[in-house]
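# Structural characterization, general
Each chain, written out:
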Amino acid sequence: AVGPLSSMQRAASIASRAVRSVAAQGKGAVQKRQMSGHGDVDPGMWKQATMGGFVFLGLLSAYEYKVHMDHHNSGHHYSREDNQYPYMGFRYKAYPWTCPDCNLFDSKCWKECKGSN
């Protein structure tokens, strides 16, 4: 029957018109992206910040490499023969393989053990 629109039909009609008008406005106009932060920040500033970060990381990497190589070339490394601490290398029982005193990946000890047998 023809009569006044129900409130639900009226709301749907208003929403439909609003969507059509927004769609019509957006067709020819360039819309600005709404992102968090400030809209007036120059994009070139972010490029400079990124390049500055790369330079900083490059310098930091070079410094860390130098420190590592200085330590590596100093010649002071741990060796089993120079063990000054009794708790290092202490075992309660022998290992369960053929050379019970050798660590699993200690090739020097394995060669000495195999050579003495």
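Sequence order as written defines the numbering, with residues in each chain counted from 1. Predicted model: local features are reported for residues with pLDDT of at least 70 only, side-chain atom pairs are reported and counted for 80 or more only, and whole-chain, interface and lining totals are derived from all residues. Side-chain measures were taken over the full set of non-hydrogen atoms in the model, leaving aside hydrogen atoms and water.

### Description of the overall build of the chain
Selection rule: A helix here means a DSSP run of H or I that spans at least four residues, while a strand means a run of E at least two residues long, and both kinds are numbered starting from the N terminus. For every residue, the accessible area obtained with a 1.4 Å probe (protein chains only) is divided by the maximum for its type, and the residue is called buried under 20%, exposed over 50%, and partly exposed between those limits. Only the protein chains shown count as cover for residues, and the accessible areas themselves come from Shrake-Rupley with a 1.4 Å probe.
In terms of helices and strands, the chain carries 3 helices and 0 strands. Reading the chain from its N end, one meets helices and strands in the order α-α-α. Going through the 117 residues of the chain one by one, you find that 5% of them count as buried. Carbon together with sulfur atoms contributes 62% to the accessible area of the chain, which is approximately 11200 Å² in total.

### A look at the pattern of salt bridges
Basically, it comes down to this: Throughout this description, the term salt bridge denotes a Lys or Arg side-chain nitrogen within 4 Å of a carboxyl oxygen of Asp or Glu.
For the structure shown, the criterion picks out 1 salt bridge. Between D70 and K66 there is a salt bridge; the shortest N-O distance is 2.7 Å. Taken together, the residues span about one helical turn, with D70 and K66 both in helix α2 (residues 43-73) at a distance of 4 residues. Owing to a relative accessible area of 48%, K66 belongs among the partly exposed residues under this scheme.

### Some thoughts on helix α3 (residues 107-116)
Applicable threshold: Directions are taken from the helix axis to each C-beta atom, and the arc is the one they span.
Those residues of α3 not exposed but buried are C109, W110 and C113. Projected down its long axis, α3 carries its buried residues within an arc of 100°, all on one side. Turned more than 90 degrees away from the buried face of α3, the exposed residues are K108, K111, E112 and G115.

### Re the confidence of the model for the chain
Which entries qualify depends on this criterion: Confidence scores here are pLDDT values: one per residue, from the predictor, ranging 0 to 100.
For the chain, per-residue confidence averages 78 on the pLDDT scale, and 69% of positions sit at 70 or higher. Per-element confidence in the chain is highest for α2, whose mean pLDDT is 93, and lowest for helix α1 (residues 7-28), whose mean pLDDT is 74.

### Remarks on the packing of aromatic side chains
Using the following cut-off: Stacked, edge-to-face and tilted labels apply to pairs of Phe, Tyr and Trp rings (six-membered ring for Trp) whose centres lie within 6.5 Å, assigned for plane angles under 30 degrees, over 60, and everything in between, in that order.
Per the stated rule, a full pass over the model turns up 1 aromatic pair. The interplanar angle of 15° and the centroid separation of 4.9 Å between the aromatic rings of Y95 and W97 together place this pair among those described as stacked. A relative accessible area of 28% places W97 in the partly exposed class.

### Observations regarding the state of the cysteines
Put simply, the rule reads: Defined by distance alone, a disulfide is two cysteine sulfur atoms within 2.5 Å.
Taken as a whole, this structure holds 2 disulfides when the rule is applied. With a sulfur-sulfur separation of 2.2 Å, C99 is cross-linked through a disulfide to C113. Torsion about the S-S bond of the C99 and C113 cystine: about -100°, corresponding to left-handed handedness. With C99 in the loop between α2 and α3 and C113 in helix α3, the pair connects residues that are 14 residues apart, well separated along the chain. What makes C99 buried here is its relative accessible area of 0%. One disulfide in the model links C102 with C109; its S-S distance is 2.1 Å. Because the torsion about its S-S bond is -75°, the bridge between C102 and C109 counts as left-handed.

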